[in-house]
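Examination of the molecular architecture
Each chain is listed here by its residues.
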Amino acid sequence: MTTYETMAYHLETERLILRPWAESDAAEFRDLVAERGKGVGAVERIRTAIAELLAATETTGIALLPIQRREEGDFIGYCGLIIGRSTLDEPEIAYELFQSAHGHGYATEAAAAVVDAAAATGRKRLWSTVGPWNTPSLRVLEKLGFERHRVATDDRGEHVWLTRELP
(Lines give C-alpha, C1' and ligand atoms only; values in the text may rest on other atoms or scores of the structure.)
Protein backbone atom coordinates (compact mmCIF):
# COMPACT_ATOMS: atom_id res chain seq x y z
CA MET A 1 0.00 0.00 0.00
CA THR A 2 1.30 3.45 -0.91
CA THR A 3 1.79 5.96 1.86
CA TYR A 4 0.44 9.46 1.27
CA GLU A 5 0.94 12.74 3.03
CA THR A 6 -2.02 13.89 5.12
CA MET A 7 -4.29 16.28 3.26
CA ALA A 8 -4.24 19.89 4.44
CA TYR A 9 -7.34 20.47 6.57
CA HIS A 10 -7.30 24.24 6.28
CA LEU A 11 -7.40 25.68 2.76
CA GLU A 12 -7.85 29.28 1.74
CA THR A 13 -8.71 30.81 -1.60
CA GLU A 14 -9.34 34.39 -2.66
CA ARG A 15 -12.94 34.25 -1.40
CA LEU A 16 -13.24 31.07 0.66
CA ILE A 17 -11.98 29.25 3.72
CA LEU A 18 -12.21 25.46 3.95
CA ARG A 19 -11.63 24.23 7.49
CA PRO A 20 -12.32 21.26 9.78
CA TRP A 21 -15.87 20.61 10.99
CA ALA A 22 -17.08 22.03 14.28
CA GLU A 23 -20.14 21.04 16.29
CA SER A 24 -21.45 24.56 15.64
CA ASP A 25 -21.81 23.62 11.94
CA ALA A 26 -24.62 21.16 12.73
CA ALA A 27 -27.67 23.38 12.16
CA GLU A 28 -26.37 24.80 8.89
CA PHE A 29 -25.23 21.38 7.67
CA ARG A 30 -28.73 20.06 8.46
CA ASP A 31 -30.28 22.91 6.45
CA LEU A 32 -27.97 22.11 3.51
CA VAL A 33 -28.95 18.44 3.58
CA ALA A 34 -32.62 19.47 3.79
CA GLU A 35 -32.27 21.28 0.45
CA ARG A 36 -32.05 17.85 -1.16
CA GLY A 37 -35.81 17.64 -0.61
CA LYS A 38 -35.89 14.65 1.70
CA GLY A 39 -36.98 16.50 4.84
CA VAL A 40 -35.16 18.12 7.71
CA GLY A 41 -33.25 15.73 9.92
CA ALA A 42 -32.53 16.11 13.61
CA VAL A 43 -29.57 18.29 14.54
CA GLU A 44 -28.37 15.45 16.78
CA ARG A 45 -28.13 13.15 13.73
CA ILE A 46 -26.06 15.81 11.96
CA ARG A 47 -23.77 16.13 15.00
CA THR A 48 -23.22 12.38 14.76
CA ALA A 49 -22.46 12.74 11.04
CA ILE A 50 -19.91 15.48 11.83
CA ALA A 51 -18.26 13.23 14.43
CA GLU A 52 -18.13 10.44 11.82
CA LEU A 53 -16.55 12.79 9.26
CA LEU A 54 -13.91 13.86 11.79
CA ALA A 55 -13.17 10.23 12.71
CA ALA A 56 -12.88 9.28 9.02
CA THR A 57 -10.44 12.15 8.53
CA GLU A 58 -8.26 10.85 11.36
CA THR A 59 -8.31 7.35 9.89
CA THR A 60 -7.85 8.17 6.19
CA GLY A 61 -5.85 11.41 6.13
CA ILE A 62 -8.35 12.94 3.67
CA ALA A 63 -11.20 15.28 4.55
CA LEU A 64 -14.53 16.68 3.53
CA LEU A 65 -14.36 20.30 4.72
CA PRO A 66 -16.97 22.98 5.39
CA ILE A 67 -16.78 26.01 3.11
CA GLN A 68 -17.29 29.49 4.43
CA ARG A 69 -17.07 32.74 2.56
CA ARG A 70 -14.05 34.72 3.74
CA GLU A 71 -15.70 38.15 4.05
CA GLU A 72 -19.14 37.09 5.26
CA GLY A 73 -17.93 34.18 7.41
CA ASP A 74 -21.04 32.16 6.57
CA PHE A 75 -21.24 28.41 5.93
CA ILE A 76 -22.17 27.82 2.28
CA GLY A 77 -21.48 24.09 1.87
CA TYR A 78 -18.68 21.57 1.86
CA CYS A 79 -15.96 20.26 -0.44
CA GLY A 80 -13.25 17.68 -0.05
CA LEU A 81 -12.10 14.13 -0.63
CA ILE A 82 -14.03 11.01 0.27
CA ILE A 83 -13.66 7.31 -0.45
CA GLY A 84 -17.24 7.18 -1.77
CA ARG A 85 -17.47 4.75 -4.68
CA SER A 86 -13.68 4.83 -5.17
CA THR A 87 -10.62 4.07 -3.02
CA LEU A 88 -8.29 5.78 -0.58
CA ASP A 89 -5.54 5.65 -3.23
CA GLU A 90 -7.78 7.37 -5.78
CA PRO A 91 -10.48 9.15 -3.75
CA GLU A 92 -13.50 11.04 -5.00
CA ILE A 93 -13.86 14.79 -4.85
CA ALA A 94 -17.24 15.78 -3.46
CA TYR A 95 -18.97 19.11 -2.96
CA GLU A 96 -22.38 20.51 -2.17
CA LEU A 97 -23.42 24.13 -1.73
CA PHE A 98 -26.58 25.87 -0.65
CA GLN A 99 -28.69 26.70 -3.69
CA SER A 100 -28.31 30.40 -2.81
CA ALA A 101 -24.53 29.99 -3.32
CA HIS A 102 -24.87 28.44 -6.80
CA GLY A 103 -23.74 30.38 -9.85
CA HIS A 104 -20.97 32.39 -8.17
CA GLY A 105 -18.01 30.11 -8.93
CA TYR A 106 -17.65 28.98 -5.31
CA ALA A 107 -17.78 25.25 -6.12
CA THR A 108 -15.09 25.62 -8.78
CA GLU A 109 -12.92 27.73 -6.47
CA ALA A 110 -13.25 25.33 -3.53
CA ALA A 111 -12.77 22.22 -5.66
CA ALA A 112 -9.64 23.67 -7.29
CA ALA A 113 -8.14 24.14 -3.81
CA VAL A 114 -9.04 20.54 -2.94
CA VAL A 115 -7.49 19.23 -6.18
CA ASP A 116 -4.26 21.05 -5.27
CA ALA A 117 -4.41 19.63 -1.72
CA ALA A 118 -4.93 16.12 -3.15
CA ALA A 119 -1.91 16.50 -5.42
CA ALA A 120 0.17 17.61 -2.42
CA THR A 121 -0.60 14.27 -0.71
CA GLY A 122 1.19 12.42 -3.51
CA ARG A 123 -1.92 10.93 -5.10
CA LYS A 124 -1.91 10.50 -8.87
CA ARG A 125 -5.63 10.48 -9.73
CA LEU A 126 -9.01 11.64 -8.44
CA TRP A 127 -12.50 10.48 -9.32
CA SER A 128 -15.94 12.00 -9.10
CA THR A 129 -19.39 10.53 -9.57
CA VAL A 130 -22.24 12.83 -10.56
CA GLY A 131 -25.83 12.31 -11.62
CA PRO A 132 -26.15 12.83 -15.38
CA TRP A 133 -28.89 15.41 -14.71
CA ASN A 134 -26.50 17.57 -12.64
CA THR A 135 -25.20 19.81 -15.42
CA PRO A 136 -23.75 22.48 -13.08
CA SER A 137 -21.59 19.89 -11.24
CA LEU A 138 -20.46 18.36 -14.50
CA ARG A 139 -19.44 21.84 -15.67
CA VAL A 140 -17.43 22.45 -12.48
CA LEU A 141 -15.55 19.19 -12.94
CA GLU A 142 -14.87 19.85 -16.61
CA LYS A 143 -13.46 23.31 -15.72
CA LEU A 144 -11.08 21.52 -13.35
CA GLY A 145 -9.84 19.13 -16.03
CA PHE A 146 -11.90 16.07 -15.13
CA GLU A 147 -12.81 13.85 -18.08
CA ARG A 148 -15.76 11.52 -18.47
CA HIS A 149 -14.77 7.90 -17.95
CA ARG A 150 -18.04 5.93 -17.98
CA VAL A 151 -21.70 5.87 -16.98
CA ALA A 152 -22.87 3.31 -14.43
CA THR A 153 -25.94 2.45 -12.39
CA ASP A 154 -26.06 1.30 -8.78
CA ASP A 155 -28.64 1.27 -5.98
CA ARG A 156 -28.61 5.11 -5.97
CA GLY A 157 -29.32 5.35 -9.69
CA GLU A 158 -27.35 6.35 -12.78
CA HIS A 159 -24.14 8.33 -12.39
CA VAL A 160 -21.29 9.58 -14.55
CA TRP A 161 -17.76 8.65 -13.50
CA LEU A 162 -15.16 11.35 -14.18
CA THR A 163 -11.43 11.22 -13.53
CA ARG A 164 -8.50 13.61 -13.36
CA GLU A 165 -4.80 12.81 -13.36
CA LEU A 166 -2.76 14.77 -10.82
CA PRO A 167 0.72 16.20 -11.44
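Anything mentioned here points back to the structure above.
Residues numbered from 1 in each chain as written. Predicted model: local features only at pLDDT ≥ 70, side-chain atom pairs only at ≥ 80, totals over all residues. Heavy atoms only, no water.

**Focus: the overall build of the chain**
Selection rule: The helix and strand labels rest on DSSP assignments: H or I over at least four residues marks a helix, E over at least two residues marks a strand, and numbering proceeds from the N terminus. Our radius of gyration looks at C-alpha atoms and nothing else; its globule reference is 2.2 Å times the residue count to the power 0.38. Burial classes follow relative accessibility: with a 1.4 Å probe on protein chains only, a residue under 20% of its type's maximum area counts as buried, one over 50% as exposed, and anything between as partly exposed. A contact between two residues is defined here by any heavy atoms of the two lying within 4.5 Å. All accessibility values rest on the Shrake-Rupley procedure with a 1.4 Å probe; residue burial counts only the protein chains present in the view. By the counting scheme adopted, Arg and Lys are positive, Glu and Asp are negative, and His together with the chain ends is not counted. We put the charge of a Lys on NZ, of an Arg on CZ, of an Asp on CG and of a Glu on CD.
When its secondary structure is counted, the chain shows four helices and eight strands. Listing each helix as α and each strand as β along the chain from the N terminus yields β-β-α-α-β-β-β-α-β-α-β-β. Taking 2.2 N^0.38 as the reference for a compact globule, 167 residues should give roughly 15 Å; the C-alpha atoms of the chain span a radius of gyration of 15 Å, in line with that estimate. The C-alpha extent of the chain, read off along each of the three principal axes, is 35 × 35 × 30 Å. Out of the 167 residues in the chain, the part that is buried amounts to 46%. Across the chain, contacts joining residues at least 24 apart in sequence account for 59% of those joining residues at least 6 apart. A total accessible area of about 8,900 Å² is found for the chain, and carbon and sulfur atoms account for 50% of it. In the chain, 19 positive and 26 negative side-chain charges are present, and the distance between their average locations comes to 3 Å.

**Details of the nonpolar core**
For clarity, the cut-off: Within this scheme, the nonpolar core is defined by two criteria: the residues are buried Ala, Val, Leu, Ile, Met, Phe, Trp, Tyr or Cys, and they are joined through side-chain atoms within 4.5 Å.
Ranked by size, the top nonpolar core spans 34 residues in total, and within it Leu-18, Ile-67, Cys-79, Leu-81, Ile-93, Val-114 and Phe-146 carry the most contacts. Taken together, the elements giving at least two residues each to this core come down to strand E2 (16-18), strand E3 (64-69), strand E4 (75-82), strand E5 (92-97), helix H3 (106-120), strand E6 (125-130), helix H4 (135-143) and strand E8 (157-165). The leading source of residues in this core is H3, at nine residues. Contact partners of Leu-81, with chain neighbours within four places excluded, come to Met-7, Ile-62, Ala-63, Leu-64, Pro-91, Glu-92, Ile-93, Val-114, Ala-118 and Leu-126. Counting 12 residues, the second largest nonpolar core, distinct from the first, contains Trp-21, Phe-29, Leu-64 and Tyr-78.

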